[in-house]
Amino acid sequence: MPVPAAVRARCRALLPPGEEMRYVLPALSVGSPGMATFLIVVTDRSISVLSTKFFDQDAPTSVYATHTRRTRLGPVEFSAGAAIELGGMVFEIDEEYAAVVRAADAEVFEPETLPPDPLPDL
């Protein structure tokens, strides 16, 4: 299920001005600092991990960590579910977001594998 526009707008409000949001995926940390909900936001310049209210993952509250755009999100590990490691933290993600992780990584590390934009003028 895509992240709703209202949630994306809340995320955008926490990002540096001028950064173009490309991908947003909800995640649950499963190691240190303990179980917590986050939104991982990939922009044209960085990857931000946004803290959320625990019982309302649609409400980002602050920037927990920022990584350079050249940081890999993948590979996605599939064992008890889908998981990625980012900045020393392990995050569980819904399996449907594995494609988002692959696309975000491909955009930087393998741009030749991405299909052309079907609507480049939008």
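Coordinates for the structure precede this section.
Residues numbered from 1 in each chain as written. Predicted model: local features only at pLDDT ≥ 70, side-chain atom pairs only at ≥ 80, totals over all residues. Heavy atoms only, no water.

### Side note on the overall build of the chain
When its secondary structure is counted, the chain shows two helices and seven strands. Listed N to C, the secondary structure of the chain is α-β-β-β-β-β-β-β-α in terms of helices and strands. Scaling as 2.2 N^0.38, a compact globule of 122 residues should have a C-alpha radius of gyration of about 14 Å, and the chain matches this with 14 Å. For the chain, the C-alpha atoms occupy an extent of roughly 40 × 35 × 25 Å along the three principal directions. (Helix = DSSP H or I, 4+ residues; strand = E, 2+ residues; numbered from the N terminus. Rg over C-alpha atoms; globule rule 2.2 N^0.38 Å.)

### Topic: the packing of aromatic side chains
Within the structure shown, the criterion is met by two aromatic pairs. Aromatic side chains Phe38 and Phe91 sit 5.6 Å apart centroid to centroid with 85° between the ring planes, which places their arrangement in the edge-to-face category. Taken together, the positions of Phe38 in strand E2 (residues 36–43) and Phe91 in strand E7 (residues 89–93) put the pair 53 residues apart, joining distant regions of the chain. Neither Phe38 nor Phe91 differs from the other in exposure class; each is buried. When the ring centre of Phe109 is taken as origin, the NZ or CZ atom of Arg72, which lies over that ring, is 3.9 Å away. (Phe/Tyr/Trp six-rings, centres within 6.5 Å; stacked < 30°, edge-to-face > 60°. Buried < 20%, exposed > 50% of the residue type's maximum accessible area, 1.4 Å probe, protein only. Lys NZ or Arg CZ within 6 Å of the ring centre and 35° of its normal.)

### Examining the sheet that holds strand E5 (residues 77–78)
The strands making up a sheet associate through hydrogen bonds between their backbones, and the pairing can be parallel or antiparallel. In space, the seven strands of this open sheet follow the order E4-E3-E2-E1-E7-E6-E5, with antiparallel pairing throughout. What marks the edges here is a single partner per strand, and that holds for strand E4 (56–68) and E5. Pairing between E5 and strand E6 (residues 82–86): two bridges, direction antiparallel. Directly across from Glu77, in E6, lies its bridge partner Ala83. Sheet strands touched by helix H2 (residues 98–109): strand E1 (21–29), E2, E5, E6 and E7. Its angle to E1, the strand with the most contacts, is close to 130°. (Pairing = 2+ DSSP bridges. Contact = heavy atoms within 4.5 Å. Axes fitted to C-alpha atoms, helices over the stretch in contact; angles between N-to-C directions.)

### Focus on the environment of Ser51
Locating Ser51 in the fold gives a position in strand E3 (residues 46–53). Note on Ser51: relative accessible area 14%, which makes it buried. With 14 residues separating them in the primary sequence, Ser51 and Thr37 have C-alpha atoms 6.6 Å apart. Setting aside residues no more than four positions away along its own chain, Ser51 makes contact with Thr37, Phe38, Ala59, Pro60, Thr61, Ser62 and Tyr64.

### What about the nonpolar core?
Across soluble globular proteins, you tend to see nonpolar side chains buried next to one another. Ranked by internal contacts, the top residues of the largest apolar core, which has 31 residues, are Cys11, Ile40, Leu73, Ile84, Phe91 and Ile93. Where this core is concerned, the elements lending two or more residues are helix H1 (5–14), E1, E2, E3, E6, E7 and H2. (Core = buried A, V, L, I, M, F, W, Y, C linked by side-chain atoms within 4.5 Å.)

### A closer look at H2
Along its 12 residues, H2 runs 16 Å from first to last C-alpha, staying within 8% of the 16 Å computed at 1.5 Å per residue. Considered for burial, the residues of H2 that qualify are Ala98, Val100, Val101, Ala104, Asp105, Ala106 and Val108. Looking at the buried positions of H2, the neighbouring elements they touch are E1, E2, E5, E6 and E7. (Expected span 1.5 Å × (residues − 1).)

### Observations concerning the environment of Met89
Relative to the helices and strands, Met89 is located in strand E7. Residue class for Met89 comes out buried when judged on its relative accessible area of 9%. Taking the C-alpha atoms as reference points, Met89 and Arg70, separated by 19 residues in sequence, lie 17 Å from one another.

Just distances and angles here, no functional claims.
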